[in-house]
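Chain and residue survey
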Amino acid sequence: MAERLQKILSARGVASRRKAEELILAGRVSFNGRVATLGDTADPDTDVITVDGKTLPAANANVYIMLNKPQGVVSATTDNIHTTVIDLINDFKYLDLFPVGRLDIDTEGLLLITNDGALSHNLLSPKKHVDKTYFLKTNNSLTSDDMKRIEEGVYLDNELTLPAKIEKVSEYEYLLTIHEGKFHQVKRMIEAVGKSVTYLKRVSFGPLVLDNNLPLGKYRFLTEE
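Procedures and definitions
- Residues numbered from 1 in each chain as written.
- Predicted model: local features only at pLDDT ≥ 70, side-chain atom pairs only at ≥ 80, totals over all residues.
- Heavy atoms only, no water.
- Helix = DSSP H or I, 4+ residues; strand = E, 2+ residues; numbered from the N terminus.
- Buried < 20%, exposed > 50% of the residue type's maximum accessible area, 1.4 Å probe, protein only.
- Contact = heavy atoms within 4.5 Å.
- Areas by Shrake-Rupley, 256 points an atom, 1.4 Å probe, with all protein chains shown as cover.
- Pairing = 2+ DSSP bridges.
- Arc of directions from axis to C-beta.

On to the overall build of the chain. What the chain contains, in helices and strands, is five helices and 19 strands. Across its three principal axes, the chain shows a C-alpha extent of roughly 65 × 35 × 30 Å. Sorting the 225 residues of the chain into buried and exposed places 43% on the buried side. Here the analysis covers contacts within the chain between residues at least 6 apart in sequence; of these, 63% occur between residues at least 24 apart. With an accessible surface of roughly 12300 Å², the chain has 49% of that area assigned to carbon and sulfur atoms.

As structure tokens, then:
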């Protein structure tokens, strides 16, 4: 069935409808070998549609989005009180997207949004030991003994956390890499050595590093790289 090109591009996760219109106006979209114009319609099942020379993703293809989560937003698909991370991606709500794991409401930074359940399971599985690195600020400087305890593991809920890595950035700033996802884990690990976290931001998740050019509350689709 023929539909407006911008609607097709949006449905395939290429861009929002507004951005898709910009791509068409810029001459970056073609179908059946000719450059598309705004208002063109096509049948995605029979017409060959390309963006920047690349064939449109198949229907129901997996979508991968990097979000720079701001404070005050919950890592959920729906919430009756708070704004959710999915609310920040208004144009793509219909793609059945969900966050991979969660960040606390007052935590900022990298959150992967997808509809790929298998990938999400693998990234979150405790058996996979996927690295998650956080930039954090504390109310008091951590001593060398504090850092050693954190790296060797502290007891949370009567269970020793897995070995971690902590690096001092400045007197009250640190990078902490963990491999688990316990409730409020980073904050509780710091509290276990008698200090507290005053600011927390996730900067990497596995090989995925937060884009420094991505403003808080904004998102972009992942590249193949």
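This is not the end of the story, as more comes after the structure.
Let's shift gears to the sheet that holds strand β2 (residues 29-31). What the four strands build is an open sheet, ordered β3-β2-β5-β6; its pairing is antiparallel. In this open sheet, the two strands that pair with only one neighbour each are β3 (34-35) and β6 (54-55). Strand direction decides the pairing type here: strand β5 (residues 49-51) and β6, joined by two bridges, are antiparallel. Within β6, the position partnered with Thr50 by the bridge is Thr55.

A few words now on the pairing of strand β11 (residues 108-114). Counting buried positions along β11 yields seven of seven residues, so the element is predominantly enclosed. Pairing between strand β7 (residues 64-69) and β11: six bridges, direction antiparallel. Of the residues in β11, the one forming a bridge with Ile65 is Ile113. With two bridges joining them, strand β10 (residues 98-99) and β11 adopt antiparallel strand pairing. By the bridge assignment, Pro99 is partnered in β11 with Ile113. Here β11 pairs with strand β17 (residues 197-205) via two bridges, running parallel. Bridge pairing in β17 places Gly109 opposite Arg202.

Among all positions in helix α4 (residues 144-152), only Asp146, Met147 and Ile150 are buried. For α4, the angular spread of the buried residues around the axis is 95 degrees, confining them to a single face. Across α4 from its buried face, at more than 90 degrees, point the exposed residues Ser144, Asp145 and Glu152. On its buried side, α4 packs onto β15 (165-170), β16 (173-178) and α5 (185-191). Where α4 ends, the next residue or the one after it, Gly153, has phi of about 115 degrees, a positive value.

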